[in-house]
Amino acid sequence: MAIEDCSPTGAVIESTGFGYTLSIIGGKYKMIIMYWLSEHKQIMRFNELKRCIGTITYKTLSSTLKDMEADQLIIRTEYPQIPPKVEYTLSKRGKSLIPVLDMMCEWGERNRLPHSKNCR
């Protein structure tokens, strides 16, 4: 598919497939969460994700996970016990985005500028 087909000139970007994909994976932490769930552990609990990401607040992690669940990227499984146990895993839909993230990673590795060129 040509880029022109995905985001034609004059189109409102949000109404294109490209815009929709960006809305699903956009945000500071969504792709990082998907990375942890696809590359490290297929099932993770809230506090595990918090520890792995490190820089995210509890509130931001909670709202990001809720958004991802609403977008059907992850599956939230709650176990009725005390203390409550909640696990997160990628859904089939979420897993279908992993090749896109892999391509982004490969592009970044091929095109990364040396640190010294980024200075000044």
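Higher on the page you've got the structure.
Residues numbered from 1 in each chain as written. Predicted model: local features only at pLDDT ≥ 70, side-chain atom pairs only at ≥ 80, totals over all residues. Heavy atoms only, no water.

**Topic: the pairing of strand β3 (residues 85-90)**
Consideration 1: Burial within β3 is extensive, with five of its six residues counted as buried.
Consideration 2: Bridge count for strand β1 (residues 43-45) against β3 is three bridges, and the pairing is antiparallel. The residue of β3 that forms the bridge with Ile-43 is Thr-89.
Consideration 3: In this sheet, β3 lies alongside strand β2 (residues 74-79) in antiparallel orientation, the contact comprising six bridges. Within the sheet, the bridge partner assigned to Glu-78 lies in β3 and is Val-86.
Consideration 4: A loop of five residues connects β2 with β3, the two strands running antiparallel in sequence. (Buried < 20%, exposed > 50% of the residue type's maximum accessible area, 1.4 Å probe, protein only. Helix = DSSP H or I, 4+ residues; strand = E, 2+ residues; numbered from the N terminus. Pairing = 2+ DSSP bridges.)

**Overview of helix α2 (residues 17-25)**
Consideration 1: Turning to α2, its buried residues number three or more, namely Gly-19, Ile-24 and Ile-25.
Consideration 2: Those residues of α2 that are buried are in contact with α3 (30-39) and α7 (98-111). (Contact = heavy atoms within 4.5 Å.)

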